[in-house]
Amino acid sequence: AHGMSNPSSVSAVAQPGVKPSAPCAPILVQAGPHKLLVVLALPPARPPCTSATLELCECGGSCAWHVVKQGSTDQFTLGADTPATIVSTEVVVSGLRAKVKYVARMVAYSALGASPKSALSDPVECEEEEAEITGERSREMKDLEGKKRAVDLEQLPDEMSTPQEKRIKHERVTAARPVPAA
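Residues numbered from 1 in each chain as written. Predicted model: local features only at pLDDT ≥ 70, side-chain atom pairs only at ≥ 80, totals over all residues. Heavy atoms only, no water.

Draft legend 1. A look at the overall build of the protein chain. For the protein chain, the helix and strand inventory stands at 2 helices and 9 strands. Of the regular secondary structure in the protein chain, the N- to C-terminal order runs β-β-β-β-β-β-β-β-β-α-α. Per-residue burial for the protein chain yields a buried fraction of 26% across its 182 residues. Looking at the protein chain alone, contacts between residues at least 24 apart form 59% of all its contacts between residues at least 6 apart. Summed over all atoms, the accessible surface of the protein chain reaches about 13200 Å², with 55% contributed by carbon and sulfur. (Helix = DSSP H or I, 4+ residues; strand = E, 2+ residues; numbered from the N terminus. Buried < 20%, exposed > 50% of the residue type's maximum accessible area, 1.4 Å probe, protein only. Contact = heavy atoms within 4.5 Å. Areas by Shrake-Rupley, 256 points an atom, 1.4 Å probe, with all protein chains shown as cover.)

In structure tokens form, the structure reads like this:
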């Protein structure tokens, strides 16, 4: 069959892709001694963002930015060389200095390029390791010391004994008496 058909509906206006906008500031959270958890959010973009890079800076004095690099699998540290390509929304950065406050910023990437740098995170202080207790006595040593200091209830006069001590003393004496033969 030949002829004309009804006109098609109007298509949506094609929008060209654009580089991603600046992402929100990362969120830093203490994650144990010498570690911080960094929570990232990639901004909406067309085409979508697929990764990010992250930088941390020590607060105070001159702020020198250090890229977050990837060591072994899922291990992130600070470095001066090639930054890690981060595809996760949470990253734990280790090897940080204790009692030092850090801030973070990030850049998001799509197929069309890089976003501007994000705003800075709020500063968070990195924890230090808890002090190790040395010279701690073992449970056996504590029990032995307790036995040395224990007072034999049978040697206490009744007027110095508490009601509970008197009851225990009576139970021990009763249990120690021989049972008469029937």
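Draft legend 2. Structural view of the nonpolar core. The biggest cluster of nonpolar side chains holds 20 residues, and the ones touching the most others in it are Leu54, Leu56 and Tyr102. If you list the elements that add at least two residues to this core, you get strand S2 (35-39), strand S3 (51-58), strand S6 (90-94) and strand S7 (101-110). Every residue in contact with Leu54, bar those within four places of it in the chain, is listed here: Pro26, Val38, Leu40, His66, Val67, Val68, Ile86, Ala104, Arg105 and Met106. (Core = buried A, V, L, I, M, F, W, Y, C linked by side-chain atoms within 4.5 Å.)

Draft legend 3. Region of the structure containing the pairing of S2. As paired elements, strand S1 (residues 27-30) and S2 share 4 bridges and run antiparallel to each other. Note that in S2 the partner of Val29 across the bridge is Leu37. Linking two consecutive strands that pair antiparallel, namely S1 and S2, is a turn of 4 residues; a positive phi of about 115° is found at Gly32 within it. Bridging between S2 and S6 involves 5 bridges; their strand directions are antiparallel. If you follow Leu36 over to S6, its bridge partner there is Val93. (Pairing = 2+ DSSP bridges.)

Draft legend 4. Representation of unusual backbone geometry in the model. The step from Arg46 to Pro47 runs through a cis peptide bond, and the omega angle for that step is -5°. In this fold, Pro47 is placed in the loop between S2 and S3. The phi angle at His34 is positive, at roughly 65°, despite the residue not being glycine. Tracing the chain through its elements places His34 in the loop between S1 and S2. If you check the backbone angles, Lys99 has positive phi at about 60° while not being a glycine. When you line up the elements, Lys99 lands in the loop between S6 and S7.

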